[in-house]
Amino acid sequence: MTSLPNQRIPFSQKGKDWKKDSVEYYCQQADMQYTEDYARIIENYALFNNYIDQTTLQKYTDPLGLDVGQGRDLIQTFNLTFNKIQALKGEELRRPWNYHVIDFSKGAINKIIREKERDLRAYFQSTVGLEIKKMQEEMKIKAQMSVGDLSPRKAQQAMAQVMEELQAEEAEVLNPEQIKNKFKNYKLKLEQTFSKIMREKTNSLKLRHIKNEGWFDMCVAGVEAVLPHIVGGKVKVELVNPAGLAYHKDPEEQFFHKGEYQVYKREATPSSIMDYVSDFLSDKEMKDLEGEVQKLFGTDAKLYSKDGFSPSHFEHLNYKRTPYDQDRYSSSSVPHLGGYGQSNVDEDYLVFYTIFWRSWNRVIFLTSIDEFGDENMEIVPDTFPIPEEAIKSKNKVYGGKTKTVYSWVDELTQLPYEAVYEYVPQVWVGHRIEQDLYVGIRPYEEAGFDKDDPFDYSLPIIGVAINNRNSTIVSPMDRMKPWQNLYFLVMHKWLKLLAQDKGVVQLLNLLMIDKKIGVEKTLQYATDLGYLPYNPLAQTEGAGIVQNMKASEQLNLSNINNIRYYTEILMFIENKIGDAAAVTKPREGQTQSGTNVTDNQRDMFQASTISEPHFTLHDLLWEDVLNEVLRLEKSLIKNKGGEKRRVLFSDEELGVIDVSPDELEGARLGIRIARNGNVVNILDQIKLQAQALIQNDKIQLSTFVEMLSQEDLASMKEIIREMEETMSARQERAEQYQVEAEQKNQQRELDFREDQQAHELEKIDREGMWNLRMKQMDSGEESEDYTKVAKVQHDIEMDKKKAKKEEEELQLKKRAQKEVERKNRADEKIKKMKKPSNTN
């Protein structure tokens, strides 16, 4: 057996033999590891697809020890686990998938703080400016009133116009509450751009489907693993078949990608292998690969290759004959190891290993002091030239460890430098095709490297297992399997009882049949008429005996009681299968009699909480997957010098992606997944309430449809916030309309009173002029009476002006009171802004 070469050596010493021996060692380790859990995984997948190994249940069904298929019926696969697993898959599909792209760099944090301070400063300046402008306008209007250029009524109208203009200007600037809401979910331009990129990748890479298939693996095998990598210059996300995955990690580490090595062994066509390794094949290796292709055999051949095993299947399998044909292998006896099935005729498959492992790379930690006295550290290859005159300081404590430090001063810059040799983790990748073709062994260029923490690393295959804390892996299928096997056995007995059931046999006494009628006519009467004619004295001899005989009797050969008993057992086991996977009848869409919608929803919610820990682990895994996809996509865009392209985000949304290399400098983009378990319940409740809103004409149909299509809680909150603002604005308009209507009514009453006064004045004028003329005609005292009439007319006019002035003063007082209240509110806002905040 090949031993593992020393991994803690400089890169220059990692030659061809070192690479080959490293790959061979991990392949041997993987081949030994596959046998540990392989049988359980394959058995679970086979059970899901209604295939069972008859030999596993033979001891229960055949106590005589006969071979499978001899002397007895085979167990029929009445499989109930399929619907349970499909229900879990369906729930995963309908769960919202909410995640947010965030820039965690210091530059992004500083930029957001600056923008928030700018908005607050703009509000403060606007508030102070508007107050000054208002005071200036008030003084201007008062000055015009004092010289008589403006009447009180016109001054009131001018001030109202000024207030409307000031309020319009104030609305253009965000107030502190609006600023607070803005920065709750605020995203920078780069974050918004990469959010669009990830939405496009979710569609183009079919991530929702891959995610659901990974959840299926977790439910059946108890293992979910995903490989995001770059193939052909594009990001690809590949679902790893749990049956072909071997790994080694720390027992206290839950996720696979923090382990020591990963081996993915699978069957692949030559063309798919070429996609992975074509860039690393020499001419000789290309010929060797072509030679391996010519040796392929399919399942219809004798399943032998040059080394005695089928090259299209895993070597350690023990193939069995079928119970139907003892002379040849059947395709149904060969486990289908491909994730999505195999061809059973003339297969072109090769056994293909992909190995990722952690090695060590010697680098130099180079520290320098710049002209400002700041210390800068960078990591450079160990081939970096250290000057011969550098001073070597042995046993110097560096970074908490005793190291040898090289110190010197640069001749050109006259700046001091220090260098320390250090080994940091380095991810390597290699491939083995069949038994002896090793290709593409190299440092994994796509592995992430954090200069701030060079000892942090991740292997490319992101995976996790469930229910294996201080135990072996136990999947939901594993929990259902014992009950399902018991169901098979009881159903086998139930079918036998059903076959043995003969029902009730009716015995007809022929001695009671009249010979003149005959048996055939008697039976015809019984069938057509529903009664049976017979003559008890038909047989004269022994008539006394005949009289004591019965015309017919019943013989009960029915097994119905035993069948009912076994039926109850089957129903009990069926419920236990559902309980084992936490998939109850309501969760499968089957409602119980006597329950309402609320009861069924409550039952579904309670049952779903049992599987919520598995959903949470599944979401955490895909958070790491999305972060790796984001990192790979960012590296591709950066290497290409930016990107501009038009993409399709969804069926209804198109957009343009525009990213420059300068935007990516210093950015530390990451993804955080929302707590989708709570989000599901919240969104469901909101959508139920939305139905009541549209029924009461509170929202429009387009808003209702938009709410139903939402999977993001933040987007749903934004819709609700806009809807509330619209409803609030509508209510304000209604109140304003009511106030304006009341003012118009008051103005109509005032105009009506003025018209009445004018009418009375006109009437008095006419009467006065008439009386005056009459007196002039009688006595000739024209001037004195005319003066009296004029005085009465003047008094009436003054009373009219006085009433109008009192009304205007009342309106001015009301407006002044409202203005004082508004000014007090503005002063309170300014005080709050000036008050120091205790929050960071």
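Scroll up to find the structure.
Reading the values: the criteria
Residues numbered from 1 in each chain as written. Predicted model: local features only at pLDDT ≥ 70, side-chain atom pairs only at ≥ 80, totals over all residues. Heavy atoms only, no water. Pairing = 2+ DSSP bridges. Helix = DSSP H or I, 4+ residues; strand = E, 2+ residues; numbered from the N terminus. Axes fitted to C-alpha atoms, helices over the stretch in contact; angles between N-to-C directions. Left-handed = near helix turned anticlockwise from the far one by under 90°. Contact = heavy atoms within 4.5 Å. Nonpolar A, V, L, I, M, F, W, Y, C, P; charged D, E, K, R; others polar. Buried < 20%, exposed > 50% of the residue type's maximum accessible area, 1.4 Å probe, protein only. Lys, Arg positive; Asp, Glu negative; His and termini not counted. Salt bridge = Lys/Arg side-chain N within 4 Å of Asp/Glu carboxyl O. Polar contact = N/O pair within 3.5 Å; in protein donor to acceptor, adjacent residues only side chain to side chain. Phe/Tyr/Trp six-rings, centres within 6.5 Å; stacked < 30°, edge-to-face > 60°. Lys NZ or Arg CZ within 6 Å of the ring centre and 35° of its normal.

**Some remarks on the sheet that holds strand β2 (residues 223–231)**
Then, in step 1: Ordered in space as β3-β2-β12, the three strands form an open sheet in which the pairing is antiparallel. What marks the edges here is a single partner per strand, and that holds for β3 (234–239) and β12 (462–465). Across the sheet, the mean angle from the axis of one strand to that of its neighbour is 10 degrees, orientation sign disregarded.
Then, in step 2: Sheet analysis places β2 next to β12, joined by four bridges and oriented antiparallel.

**Description of the packing of helix α3 (residues 81–94) against helix α8 (residues 207–220)**
Then, in step 1: Taken N-terminus to C-terminus, the directions of α3 and α8 make an angle of 145 degrees; their axes are 10 Å apart at the nearest point. The two elements α3 and α8 cross, and the hand of that crossing is right-handed. Judged by residue contacts, Ile-85, Leu-88, Lys-89, Glu-92 and Leu-93 of α3 engage Arg-208, Lys-211, Asn-212, Glu-213, Trp-215, Phe-216, Cys-219 and Val-220 from α8.
Then, in step 2: Considering only residue class, the contact of α3 with α8 consists of seven nonpolar, one polar and five charged.

**Observations regarding the side chain of Lys-249**
Then, in step 1: Relative to the helices and strands, Lys-249 resides in the loop between β4 (245–248) and β5 (261–268).
Then, in step 2: Buried and unpaired, Lys-249 has no salt bridge, with Glu-253 as the nearest side chain of opposite charge at 7.0 Å.
Then, in step 3: One polar contact links the side chain of Lys-249 to the main-chain carbonyl oxygen of Glu-253, over a distance of 2.5 Å.
Then, in step 4: Setting aside anything within four residues of it in sequence, one finds Lys-249 in contact with Gln-254, Phe-255, Phe-256, Gly-259 and Glu-260.

**Regarding the packing of aromatic side chains**
Then, in step 1: Under the criterion given, the structure shown has 21 aromatic pairs.
Then, in step 2: Where Trp-97 meets Trp-622, the ring centres are 6.0 Å apart and the plane angle is 85 degrees; that geometry is what we call edge-to-face. One end of the pair, Trp-97, is in the loop between α3 and β1 (99–103); the other, Trp-622, is in helix α15 (residues 597–639), and 525 residues separate them in sequence. Side by side, Trp-97 and Trp-622 carry an identical accessibility label, which is buried.
Then, in step 3: Counting every residue linked through ring pairs, the aromatic cluster contains Phe-11, Trp-18, Tyr-25, Tyr-26, Tyr-261, Trp-357 and Trp-428.
Then, in step 4: Taking NZ or CZ as reference, Arg-8 lies 4.7 Å from the ring centre of Trp-360, over its face.
Then, in step 5: Here the basic side chain of Arg-432 rests over the ring of Tyr-353, its NZ or CZ set 4.3 Å away from the ring centre.

Structural measurements only, silent on function.
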